[in-house]
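Now for the letters of each chain:
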Amino acid sequence: ANYLLVKLTRPRWSAAMLQGMLLSHRILIRDAGNFRGLDERFFRVAVRLRPENDRLLAAIRNSLRKGMTPHGSGLSLPGRLPPRPPSRGS
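Residues numbered from 1 in each chain as written. Predicted model: local features only at pLDDT ≥ 70, side-chain atom pairs only at ≥ 80, totals over all residues. Heavy atoms only, no water.

A.B. asks: Tell me what's going on with helix α1 (residues 15-23), and back it up with residues and numbers.
C.D. replies: Because each turn of an α-helix spans 3.6 residues, side chains separated by three or four positions end up pointing in the same direction. When we look at burial in α1, the residues that qualify are A15, L18 and L22. Down the axis of α1, the smallest arc covering the buried residues is 65°, so these residues share one side. (Buried < 20%, exposed > 50% of the residue type's maximum accessible area, 1.4 Å probe, protein only. Helix = DSSP H or I, 4+ residues; strand = E, 2+ residues; numbered from the N terminus. Arc of directions from axis to C-beta.)

Take a look at the structure:
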């Protein structure tokens, strides 16, 4: 299977927290905090069919909104940087 490694960038969030929230959606993610070189912010998901991937993304968005902060989505995928917060000078 193909997997995506994802890093939570939202302060004070961990993969274990998200994992617990996704259980109510009947979705499992793999906490990757015990992988060499990674910490509690990393998790792994399997690449599935589009409807399943869409369901996963919707559940993650829903879970992150429950603990929303003003600093973007809270996720970081390799090769894609999280949005930069607006500068105070603009």
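A.B. asks: Report on the pattern of salt bridges, specifying residues and quantitative values.
C.D. replies: Applying the stated criterion to the full structure yields three salt bridges. For R48, the salt bridge is made with E52, and the minimal N-O distance between the two is 3.3 Å. (Salt bridge = Lys/Arg side-chain N within 4 Å of Asp/Glu carboxyl O.)

A.B. asks: Describe in detail the packing of aromatic side chains, supporting the description with residues and values.
C.D. replies: Counted under the stated rule, the structure contains zero aromatic pairs. Its guanidinium or amino end placed over the ring of W13, R10 lies 5.8 Å from that ring's centre, counting from NZ or CZ. The ring of Y3 is capped by R44, whose NZ or CZ atom sits 4.1 Å from the centre of that ring. (Phe/Tyr/Trp six-rings, centres within 6.5 Å; stacked < 30°, edge-to-face > 60°. Lys NZ or Arg CZ within 6 Å of the ring centre and 35° of its normal.)

A.B. asks: Which residues make up the pairing of strand β3 (residues 42-46), and what values go with them?
C.D. replies: Two elements, strand β1 (residues 3-8) and β3, share five bridges in a ladder whose sense is antiparallel. Bridge assignment links L4 to a residue of β3, and that residue is V45. As defined by bridge partners, strand β2 (residues 30-31) adjoins β3 across two bridges and the pair is classed as antiparallel. Residue pairing for β3: R30 is matched across the bridge by R44. (Pairing = 2+ DSSP bridges.)

A.B. asks: For the environment of G33, give the residues involved together with the corresponding values.
C.D. replies: When you line up the elements, G33 lands in the loop between β2 and β3. For the pair G33 and S14, spaced 19 residues apart in the sequence, the C-alpha separation amounts to 8.8 Å. Filtering out sequence-adjacent residues up to four positions away, G33 remains in contact with L38, D39, E40 and F42. (Contact = heavy atoms within 4.5 Å.)

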